Each structure stands twice: as structure tokens, then as C-alpha cells.
Amino acid sequence: MFRKTFIERLVAAGHVVVLSGAGASAESGIPTFRDPEGLWAEFDPTELASMSGFLSDPVRVQSWYSARSRNVLRVEPHAGHHALVDLERLVPKFTLITQNVDGLHARAGNRNVLEIHGSLLKNRCVSCGDESPPLDVSPDAPEPARCECGGLIRPSVVWYGELLDPEVMREATAAAEDCDVFLSVGTGAEVHPAASLPLVAADAGAYVVEVNPRKTMISDRVDEAIRGPAGAVLPALLERLSEVS
Ligand code: BV8
Ligand code: ZN
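These lines cover the structure that appears in this document, whether it is placed above or below. (Residues numbered from 1 in each chain as written. Chains lettered and ligands numbered in written order. Predicted model: local features only at pLDDT ≥ 70, side-chain atom pairs only at ≥ 80, totals over all residues. Heavy atoms only, no water.)

Looking at the zinc ion (ligand 2), the protein donor atoms are Cys125 (SG), Cys128 (SG), Cys147 (SG) and Cys149 (SG), and they sit 2.2 to 2.4 Å from it. Classification of the site at the zinc ion (ligand 2) rests on its four donor atoms, whose angles at the metal span 101 to 122°, yielding the label tetrahedral. For the zinc ion (ligand 2), the donor residues sit on a single chain with the sequence spacing C-x2-C-x18-C-x1-C. A relative accessible area of 2% means that Cys125 is categorised as buried. (Donors = N, O, S within 2.8 Å, 3.2 Å for Na, K, Ca; no water. Tetrahedral: all angles 85-135°; square planar, octahedral: opposite > 155°, others 65-115°. Buried < 20%, exposed > 50% of the residue type's maximum accessible area, 1.4 Å probe, protein only.)

For the pair helix H6 (residues 79-90) and helix H10 (residues 230-244), the least separation of the axes is 7 Å and the interaxial angle reads 30°. For the element pair H6 / H10, the angle class is roughly parallel. In the packing of H6 onto H10, the handedness of the crossing is left-handed. Where H6 abuts H10, its residues Ala79, Gly80, Ala83, Leu84, Asp86, Leu87 and Leu90 lie against Ala230, Gly231, Leu234, Pro235, Leu238 and Leu241. Its residues placed into classes, the contact of H6 with H10 shows ten nonpolar, two polar and one charged. (Axes fitted to C-alpha atoms, helices over the stretch in contact; angles between N-to-C directions. Helix = DSSP H or I, 4+ residues; strand = E, 2+ residues; numbered from the N terminus. Parallel < 35°, antiparallel > 145°, perpendicular 65-115°, else oblique. Left-handed = near helix turned anticlockwise from the far one by under 90°. Contact = heavy atoms within 4.5 Å. Nonpolar A, V, L, I, M, F, W, Y, C, P; charged D, E, K, R; others polar.)

Taken as a whole and judged by the stated rule, the model has twelve salt bridges. A salt bridge links Arg107 to Glu76; the nearest nitrogen and oxygen atoms lie 3.6 Å apart. Residue Arg107 is located in helix H7 (residues 104-108), and its partner Glu76 is located in the loop between helix H5 (58-74) and H6; the two are separated by 31 residues in the primary sequence. Overall, the relative accessible area of 37% leaves Arg107 in the partly exposed class. Measuring nitrogen to oxygen at the nearest pair gives 3.5 Å for the salt bridge that ties Glu243 to Arg240. You can see Glu243 and its partner Arg240 sitting in helix H10, three residues apart, about one turn around the helix. (Salt bridge = Lys/Arg side-chain N within 4 Å of Asp/Glu carboxyl O.)

So, on to the site of ligand 1. Not every one of the 35 residues close to ligand 1 is listed here, only the nearest: Phe33, Arg34, Tyr65, Gly161 and Asn212. Take Arg68: an N or O atom from its side chain is 2.7 Å from an oxygen atom of ligand 1. Gly161 is positioned with one of its backbone polar atoms (N or O) 2.7 Å from an oxygen atom of ligand 1. Here ligand 1 loses 74% of its free accessible area of 1500 Å² to cover by the protein chains. Here ligand 1 occupies the largest pocket. Looking at the shell around ligand 1 residue by residue, the class counts come to 16 nonpolar, twelve polar and seven charged. (Near = heavy atom within 4 Å. Polar contact = N/O pair within 3.5 Å; in protein donor to acceptor, adjacent residues only side chain to side chain. Areas by Shrake-Rupley, 256 points an atom, 1.4 Å probe, with all protein chains shown as cover. 1 Å grid on protein atoms, 1.4 Å probe; cavity = no way out; pocket = protein on both sides within 12 Å on 5 of 7 lines; lining within 4 Å. Sits in = over half its atoms within 2 Å of the grid points.)

Of all hydrophobic cores here, the largest spans 27 residues; its most connected members are Phe6, Val16, Val18, Leu87, Leu183 and Val185. Broken down by secondary-structure element, the contributors of at least two residues to this core are helix H1 (4-12), strand S1 (15-20), H6, strand S2 (93-98), strand S7 (181-185), strand S8 (207-211) and H10. A total of six residues in this core trace back to one element, the largest contributor, which is H10. Here Leu87 is in contact with Val16, Val18, Phe94, Leu183, Leu238 and Leu241, once residues within four sequence places are set aside. The next biggest cluster of nonpolar side chains, apart from the first, holds 26 residues, and it includes Ile30, Ala49, Val101 and Val137. (Core = buried A, V, L, I, M, F, W, Y, C linked by side-chain atoms within 4.5 Å.)

And the structure:
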């Protein structure tokens, strides 16, 4: 399943970076966005994951994120998440850049996690910025959830059309430029600027591998495409590494 070069580069690597997307959480029972049965199949992202969509129907967006947070808190990290915790312990330097907002990498035990699209477990007031408890709004709520100051409460995720945190993005880009091996796991590499990170790593000379059952927007740029689910491929990779180390 793994080319000799990949294992050699991984064993010799001083810095390994992983970029994860929704597919990395799929086997925990969290729907992806763009797979046929994904979240966007029934919702339009610009309506739900954007400020304009939020302001036009705050209850609809708050209840959508409430349902997603409840689901996230109900599921567990899977063997693929745990394999990434083992990988972090094995390599000298490890950076986990995630597009996922479900917090599962941190719950599995990864330490150096950059949540470049934020977290749906954190919420804030659009007016005063105060952090607020997880949303629990039902779709038929008469009123949207508001802060004491009267401002609407939103999830602390990055919506379409919103800028990513410049400091976090700077750190993620620096890691992609510095790393020896870059693993892109469970992402279709369609959403920018996250999708540019594997290419930054490739241009800087890293060995780039994608773990995905399907082709992605960067499949023709990676050194190796491993066509399989994260929950099976990542534990197999750690198993292979334990044989050679
Ligand atoms: C910005 C948080 C600019 C919210 C998310 C045209 C061209 C290029 C770019 C654009 C464009 N038009 C607009 C843009 C910009 C836009 C963008 O990239 N749009 C795309 C859709 C074209 N980007 C933005 O708006 C970003 N901001 O650009 O600001 C700006 C400039 C100036 C001034 C102001 C602003 C902000 C983007 C962040 C959006 N927020 N999430 C929430 O979660 O509710 S993005 C969302 O998509 C998630 O974070 C998700 O992770 C991410 C990427 O999707 P994937 O992770 O790849 O998931 P997906 O479902 O797509 O695919 C699943 C994959 O997993 C598949 O490949 C599948 O095969 C695989 N898979 C399935 N099962 C498994 C598996 N893999 C492994 N194992 C399995 N078991
Ligand atoms: Zn407020």
C-alpha cells in the first residue's frame, strides 16, 4: 500500500505536516460536505456557512450548527485519528492543520493542531465578541440566540467569504514550506486558501501524499495517492512504521 520512498522519507523526516478535511472525520459518523450524502447535498453552503446566510435567517443557521455540535459531541475519534496521535509522538516535529471544525483531533490527543476554519464548539457574539456556550437552538425557535448585549450569537467558524485568521494561516504556510513530508488526508482540496497548502509543500520539495478513496483537485500534483479510507490507511501506515523503526 505504501511506496518504499514514502516510508524512507517518513522515517528520515524532521518535520511532518498533515492537512485534514471532512473525510478524516467521516468514519466517526460526521457527514462530509461534498460527498453524495454530504451536508451540502441538502444545504447550500453560501446560505448556511456565510454571514449573509446567517443574517438572513439566524435561527436556521444557529439550529444547523446546534445539530452539528450535538452530533460532534456524541461521536468518538476513530482509529485514523488515534494513528495521527501516534505519528505525532514518533516524529521530531509534527503540525496538524485541520479544516475540520469538530475538535476530534484534539479529543484524540493531538497537541499541535491548527484549526484553520475555526471550531463549531466555540461561539461568540457578533456585536461584542464575548465567547458564549454551545448553541442549542431548535429549527422552530421563535427567536435567535442572543448575547446579553443583544448581539446575535454565531459559531466561531470561518464562513465562506471570510478571511482565515492571518496568524494561524501564516503558521500553517510556514509549516508547509518547512516540512519534509506532507500528508493530505480526507480533503477534496477544493476550498481555498487551505487547498493551496499541499502545493506550497510540493513546491518547497516535500514528499506529498494524499489519503482519499477518490481523486481530488491535487491528485495530479502529489507524489503518491493512497486510495483508501483514513480509518484503515493511517493505522496501517503506523503499523508499517513500527516495523521499520
Ligand atoms: C476566503 C467552516 C477570501 C464552516 C469551511 C472560486 C475559486 C477559488 C476560491 C473561491 C472561489 N469562489 C469563492 C472562493 C473562496 C472560497 C472557496 O474556496 N470556495 C470554494 C468552494 C470554491 N473560500 C473562502 O470563502 C474562504 N475565505 O477565501 O476569503 C476573502 C478575500 C478578501 C476578503 C474577504 C475574504 C473561507 C473558506 C472556509 C469556509 N469554511 N468550514 C463549516 O464547517 O460550517 S469550509 C468546509 O470545506 C469545511 O471546513 C471542509 O473541511 C472544507 C473543505 O472540504 P473538505 O474537507 O475537502 O470536505 P469535502 O466534503 O469537500 O470532501 C470530503 C473529502 O473526503 C472527499 O475528497 C472524499 O473523497 C474524502 N473522503 C470521504 N470519506 C473518506 C474520505 N477521505 C478519507 N477517508 C474517508 N473515510
Ligand atoms: Zn454581545
